[in-house]
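Reading the structure
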Amino acid sequence: MTTPRPGAADHTRAADLLAARVPSTLAPLARLAFNYRWSWWAGADAVFRDIDPHRWERSGANPVRLLQEVPFSALERLAADEAAVRRIVDLDLAITHELSQPDDDAVIPADRPVAFFCAEYGVHSSLPIYSGGLGVLAGDLVKAASDLRLPFVGVGLFYRQGYFRQRLDTTGYQHEYWIENDPQRLPVALVTGDDGEPLTVEVRVWGRPVRVQVWRVDVGTVPLYLLDTELPENERIDRWITARLYVGDRQLRLAQYAVLGLGGIRALRAMGIEPSIVHMNEGHAALAPLELVAPGVAGGTDFTDALAGARRRTVFTTHTPVAAGNEMYDPAEITRVLYALPKHLGTDMETLLALGRVHPDQAGEPSGLTPLGLRVAGSSNGVSRRHGEVARSMWQPLHPELAPDEVPIAHITNGVHQPTWMADPMRRLLDAHLGEGWERRADDPATWEPVLDIPDADLWAVRCEQRTHLVEYIRARTVSDRLARGEPLEYAERSHLAFNPDDIVVGFARRLAAYKRLHLLGSDTVQSLDLLAEGRPLQLVIAGKAHPQDEDAKRLMQSLYRLKSAPNVAERVAFIEDYGMAQARPLVSGCDVWLNLPRPPLEASGTSGMKAVMNGGLHLSVLDGWWAEAYGHRDGVPNGWAIDGGEDPDHAAQDARHAQQLYELLASDVLPLFHQRDERGVPVRWVQMMKASLVMLCPRFTAARMLHDYVQVYAGALEPSA
Ligand SMILES: *Cc1c(COP(=O)(O)O)cnc(C)c1O
């Protein structure tokens, strides 16, 4: 059976319009462009890139824009190239065939899919509606749902300006700018109703009606429905609700949550989708289960009873182990934004506020989305074993009668989508050793055992190939970044000579939140510079965005940046601007060592290290998040490096200790092992560690394993209650 997918006809129409722009033999390109399935099909991006490599890069790897902008003469040339046309037709046939297979409705009924709600989705760099790990995880999960043919739909917001873009100035200070996400240039289509008009739903925000329209994006078999308030009939302020991801204004953020949660369920209903499960990925969607009760209440059921019914089919994943990350709102703020909600739900504001309070009986206490999510979900989980523990003790006050370890928050450790994050050289090597169809068995540990028999020199050759690609990328990017910033030509040129493809490359890239502790890298300048010195130098690549309002993080970047004139820094340290999925791919595939330095226990999971590991990178991290359950040995060989993960209220002392541990690991272990070569030039011990890491970690930290775990939870929720 096939999951109902409203908006499919609208989507096909949009693809047909694009197809009409290209020579008829190239029409399949338009169909390919309109489903992100191409983005994780091995080699498919080359089909677009080869049309016009320069424009492909300039389009941000956006095939719709490419086909709109490439000169017709180039398309005519392509249409005359029989081999190229055959490649396009074959790819289209293969993808169309895969997408037409029926969904697997063994657990989830195909006519009642799982509705997955998230405020951000990192599906691809060309659709910039994500900020970091949460969104990329959501994108990876959606892709895994397509791979597994799970009846699944995604619900999110269509941010007209997305997340900010980053540019540094010559002092290293971050500036933000926004670029319009023009739906005409994206593989999206407005969902229309039976009357052929755009389908809209209404959400009352600030007591007044706001109209919401729905864009559809196809991610394999999964439709993503993205809500949008940019409609001329809405007031200016209301049109701004879906303008930007994580706006600074608290009222606007609450309005976004109302549109996502309440509007999302209403939109699904208007499209005829009645989900079997509502999965809220993080608290932003926590209002969705409230809207689930509305029809019952309208039919005469009491609010509390209706909510109990909705609860049974609601799953909540919390990602935030930091109190500050769990936004709390004063009753007045909530009342202003959600003024109309209690009446709609047949209850009163005080009841709703109490659902979001840690102490329901303390009127006046602020309410938060995480307590609300935990209360309205039948099943809740954190995103790593350690985060599960942290979340249970953090939210124990919600269950004063329970001991912390009895608090009903389980854990499902995150995983990453291997076809998205593994680079081609690594994939080709594994194709040769892991057997036919290994990617479909990638979450089975047995699949990875043959890695142990790959000749060391072959595995090392792939590592060197991927590092070389990264070095080429760093050279190109740093020259243009430095020139764009206004640096002198000589300084920009030094990065062109920079980065030797034979020397080790260490990477650190993620959102620059304080707890991620980028500052540990420069806290002892003498030691840090020592590592960059001639002989056996370390090369460091850094990337990440600071939140626009996080002045401390911006100042920190600036203070590290001041080291640029110190010896070797211009040649051996690179900051890649505007970190996003397009920048993450070369970084995670090319780095030999991937660093993560969170302040424990604040890293809920972390996922970039998993991406590095599946590319043969070795992880060096504080024992927090996923690494606390992943670090270990195989036959005495460690699968990476660990810094102690204990908590310490004295942050300064902890920082000093961790910086020292990091330095010692790099100087006394990482660098010597990298240079300990046999007669063929292979670092044998290093390759053993790579093998231990691949075999132990790849099967466990994939999105397929994560989704299988969620399916178990869904199945439990769907069991008829006794
Ligand atoms: C994977 C990823 C992240 C998450 O990184 P963490 O290690 O979890 O901090 C953030 N941003 C991008 C672009 C990613 O691809």
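Residues numbered from 1 in each chain as written. Predicted model: local features only at pLDDT ≥ 70, side-chain atom pairs only at ≥ 80, totals over all residues. Heavy atoms only, no water.

**Section: the overall build of the chain**
Broken down by element type, the chain carries 32 helices and 22 strands. Radius of gyration (C-alpha) of the chain: 25 Å, near the 27 Å computed for a compact globule of 722 residues. Reported as C-alpha extents along the three principal axes, the dimensions of the chain are approximately 80 × 70 × 50 Å. When burial is assessed residue by residue, the chain has 60% of its 722 residues classed as buried. Taking the intrachain contacts of the chain between residues at least 6 apart in sequence as the baseline, contacts between residues at least 24 apart amount to 73%. Between the centroid of the 73 positive side chains of the chain and the centroid of its 94 negative side chains there is a distance of 3 Å. (Helix = DSSP H or I, 4+ residues; strand = E, 2+ residues; numbered from the N terminus. Rg over C-alpha atoms; globule rule 2.2 N^0.38 Å. Buried < 20%, exposed > 50% of the residue type's maximum accessible area, 1.4 Å probe, protein only. Contact = heavy atoms within 4.5 Å. Lys, Arg positive; Asp, Glu negative; His and termini not counted. Charge placed at Lys NZ, Arg CZ, Asp CG, Glu CD.)

**Observations concerning the nonpolar core**
Among the nonpolar cores identified, the biggest contains 142 residues, and Leu 29, Phe 117, Tyr 121, Phe 152, Leu 290 and Tyr 714 are the most heavily contacted of them. Among the elements that line this core, the one with the most residues is helix α10 (residues 250–270), at 11 residues. Ignoring any residue separated from it by four or fewer positions in sequence, one finds Leu 290 in contact with Phe 303, Leu 307, Leu 341, Leu 345, Leu 352, Leu 355 and Val 376. In this structure, Ala 574, Met 581, Trp 594 and Ala 659 belong to the second largest nonpolar core, which totals 93 residues. (Core = buried A, V, L, I, M, F, W, Y, C linked by side-chain atoms within 4.5 Å.)

**Quick look at the site of the ligand**
In the vicinity of the ligand there are 14 residues, among which Lys 516, Gly 606, Thr 607, Ser 608 and Lys 611 approach most closely. Between Thr 607 and the ligand, the recorded distance is 2.9 Å, taken from a backbone N or O atom to an oxygen atom. In the environment of the ligand, an oxygen atom lies 2.4 Å from a nitrogen or oxygen atom belonging to the side chain of Ser 608. If the ligand stood free it would expose 390 Å²; the protein chains cover 95% of that surface. Secondary-structure elements contributing two or more residues to the shell around the ligand are α8 (133–147), α27 (581–590) and α28 (608–613). Considering only residue class, the shell around the ligand consists of five nonpolar, six polar and three charged. (Near = heavy atom within 4 Å. Polar contact = N/O pair within 3.5 Å; in protein donor to acceptor, adjacent residues only side chain to side chain. Areas by Shrake-Rupley, 256 points an atom, 1.4 Å probe, with all protein chains shown as cover. Nonpolar A, V, L, I, M, F, W, Y, C, P; charged D, E, K, R; others polar.)

**With respect to the packing of helix α24 (residues 525–532) against helix α30 (residues 651–675)**
Running from N to C, α24 and α30 point in directions that differ by 20°, and their axes come no closer than 11 Å. When the axes of α24 and α30 are compared, the pair comes out roughly parallel. Crossing of α24 over α30 shows left-handed handedness. When α24 is examined against α30, the residues Gln 527, Asp 530 and Leu 531 are found in contact with a partner set consisting of Gln 660, Tyr 663, Leu 666, Ala 667 and Leu 671. Here the contact of α24 with α30 is composed, by residue class, of five nonpolar, two polar and one charged. (Axes fitted to C-alpha atoms, helices over the stretch in contact; angles between N-to-C directions. Parallel < 35°, antiparallel > 145°, perpendicular 65-115°, else oblique. Left-handed = near helix turned anticlockwise from the far one by under 90°.)

**A closer look at the packing of aromatic side chains**
Evaluated as defined, the whole model comprises 17 aromatic pairs. Members of the aromatic cluster, joined through ring pairs, are Tyr 36, Trp 38, Phe 48 and Trp 56. Over the aromatic face of Phe 674 sits the side chain of Arg 677, whose NZ or CZ is 5.0 Å from the ring centroid. (Phe/Tyr/Trp six-rings, centres within 6.5 Å; stacked < 30°, edge-to-face > 60°. Lys NZ or Arg CZ within 6 Å of the ring centre and 35° of its normal.)

**Points about α24**
Those residues of α24 that sit buried are Gln 527, Leu 531 and Leu 532. With its buried residues spanning 145° around the axis, α24 presents them on a single face. Looking at the buried side of α24, the elements it contacts are α26 (569–572), β17 (573–576) and α30. (Arc of directions from axis to C-beta.)

**Things to note about the pairing of strand β6 (residues 200–205)**
Side-chain alternation along β6 places Val 201, Val 203 and Val 205 on a buried face and Thr 200, Glu 202 and Arg 204 on a face that remains uncovered. With six bridges connecting them, β6 and strand β7 (residues 208–219) associate as antiparallel partners. Following the sheet pairing, Val 203 is matched in β7 by Val 210. Between β6 and β7, which follow one another and run antiparallel, lie two residues, and Trp 206 among them has a positive phi close to 55°. (Pairing = 2+ DSSP bridges.)

**Some details on the sheet that holds strand β22 (residues 640–643)**
Sheet strands line up and pair through hydrogen bonds in the backbone, either parallel or antiparallel. Here we have six strands laid out as an open sheet, ordered β17-β16-β15-β18-β19-β22, and parallel in their pairing. Strands with a single pairing partner mark the edges of an open sheet, and in this sheet they are β17 and β22. Between one strand axis and the next, the sheet turns through 20° on average, direction left out of account. As paired strands, strand β19 (residues 618–622) and β22 are joined by four bridges and run parallel to one another. Each bridged residue has a counterpart across the sheet, and for Val 622 the counterpart in β22 is Ile 643. Where helix α22 (residues 456–485) meets the sheet, its contacts fall on β15 (505–509), β16 (539–543) and β17, and the angle it forms with β17 comes to roughly 70°.

**Overview of the pattern of salt bridges**
For the structure shown, the criterion picks out 48 salt bridges. Here Glu 291 ties to Arg 266 by a salt bridge, and the two come within 2.7 Å at their closest N and O atoms. Placement of the pair is Glu 291 in helix α11 (residues 288–292) and Arg 266 in helix α10, with a sequence separation of 25 residues. Here Glu 291 and Arg 266 have matching classes, each one buried. Among the salt bridges present, the one from Lys 516 reaches Glu 603, with a minimum N-O distance of 3.1 Å. Taken as a pair, Lys 516 in the loop between β15 and α24 and Glu 603 in the loop between β18 (593–596) and α28 lie far apart in primary sequence, 87 residues in all. Look at the salt bridges and you will find they share partners, linking Arg 167, Arg 477, Asp 481, Arg 485, Glu 487, Lys 564 and Glu 577 into a network. (Salt bridge = Lys/Arg side-chain N within 4 Å of Asp/Glu carboxyl O.)

**So, unusual backbone geometry**
A negative phi holds for most residues other than glycine; trans holds for most peptide bonds. Cis rather than trans, the peptide bond between Pro 600 and Pro 601 has omega equal to 5°. Checked against the element boundaries, Pro 601 lands in the loop between β18 and α28. The phi dihedral of Ala 61 falls on the positive side, at around 55°, and the residue is not glycine. Position of Ala 61 among the secondary structure elements: in the loop between α4 (53–58) and α5 (63–69).

**Some points on α10**
For α10, with 21 residues, the first-to-last C-alpha span of 29 Å sits near the 30 Å given by 1.5 Å per residue. The principal kink in α10, of about 35°, is found at Gly 263. Across the 21 residues that make up α10, a large majority, 18, are buried. Between the side-chain oxygen of the N-cap and the backbone nitrogen of Gln 251 there are 3.0 Å, and the N-cap of α10 in question is Asp 249. Of the residues trailing α10, Gly 272 is marked for its positive phi of about 85°. (Expected span 1.5 Å × (residues − 1). Bend = angle between axes of the 7 residues up to and from the residue.)

**Considering the state of the cysteines**
Counted by the stated rule, this structure contains zero disulfides. Unpaired in terms of disulfides, Cys 464 finds its nearest cysteine sulfur in Cys 591, a separation of 14 Å. (Disulfide = S-S within 2.5 Å.)

**Focus on the side chain of Ser 380**
Among the structural elements, Ser 380 can be located in strand β13 (residues 379–382). Every residue in contact with Ser 380, bar those within four places of it in the chain, is listed here: Phe 316, Leu 374, Pro 408, Ile 409 and Ala 410.

**Some words on the packing of α22 against helix α31 (residues 684–697)**
At a minimum axis separation of 10 Å, α22 and α31 run at an interaxial angle of 85°. By the criterion of interaxial angle, the relationship of α22 to α31 is roughly perpendicular. Residues Asp 456, Leu 459, Trp 460 and Arg 463 of α22 form the contact with α31, whose own contacting residues are Val 684, Trp 686, Val 687, Met 690, Lys 691 and Leu 694. Classifying every residue of the contact of α22 with α31 by side-chain character gives seven nonpolar, no polar and three charged.

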